[in-house]
Amino acid sequence: PSDEGEWVQLNMKLIDWGYMDFSRTVRVDTTLHTIKELIKQWHGGNIASLTVCRGTYQETNELRFDKLTLKECGIDGASDQSQAPVVAALRFQTR
């Protein structure tokens, strides 16, 4: 992929299971659907239901629309991937 655009480091944290936390650096034009697919792959693909929240895990922070990009969800990034990217916390719960 091109280095153009804004980049963000996502720290993804599974509720109540810290050993499954992980980070990825992605462009802010990445869709929520793609982020959910990354999470599913990290967990071996066996997830029937996935809820993702920005910041704290509560209903008002839930990112519900898979077609939206991270930018459209209010997550900004840095213009240069080689610089330390902006960090955003995403918390998720599997069912």
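That block above? That's the structure.
Residues numbered from 1 in each chain as written. Predicted model: local features only at pLDDT ≥ 70, side-chain atom pairs only at ≥ 80, totals over all residues. Heavy atoms only, no water.

A. Highlighting the overall build of the protein chain. Of the regular secondary structure elements, the protein chain holds 1 helix and 4 strands. Going residue by residue from the N terminus, the α and β elements of the protein chain occur as β-β-α-β-β. In terms of overall dimensions, the protein chain is globule-like: its C-alpha atoms have a radius of gyration of 13 Å, near the 12 Å expected for 95 residues. Seen along its three principal axes, the alpha-carbon backbone of the protein chain occupies a region of about 35 × 25 × 20 Å. Within the protein chain, contacts between residues separated by at least 24 positions form 62% of all contacts whose residues are at least 6 apart in sequence. Of the roughly 5,700 Å² of accessible surface on the protein chain, 48% is carried by carbon and sulfur atoms. Measuring between centres, the 11 positive side-chain charges of the protein chain sit 5 Å from its 13 negative side-chain charges. (Helix = DSSP H or I, 4+ residues; strand = E, 2+ residues; numbered from the N terminus. Rg over C-alpha atoms; globule rule 2.2 N^0.38 Å. Contact = heavy atoms within 4.5 Å. Areas by Shrake-Rupley, 256 points an atom, 1.4 Å probe, with all protein chains shown as cover. Lys, Arg positive; Asp, Glu negative; His and termini not counted. Charge placed at Lys NZ, Arg CZ, Asp CG, Glu CD.)

B. Geometry of the nonpolar core. By size, the foremost hydrophobic cluster in this structure holds 21 residues, and its most contacted members are L10, I35 and I39. Mapped onto this core, the elements with two or more residues apiece are strand 1 (7-14), strand 2 (22-27), helix 1 (32-42), strand 3 (50-54) and strand 4 (86-94). If near-sequence neighbours (up to four positions away) are discounted, L10 is found in contact with F22, S23, R24, V26, I35, L70, A88 and L90. (Core = buried A, V, L, I, M, F, W, Y, C linked by side-chain atoms within 4.5 Å. Buried < 20%, exposed > 50% of the residue type's maximum accessible area, 1.4 Å probe, protein only.)

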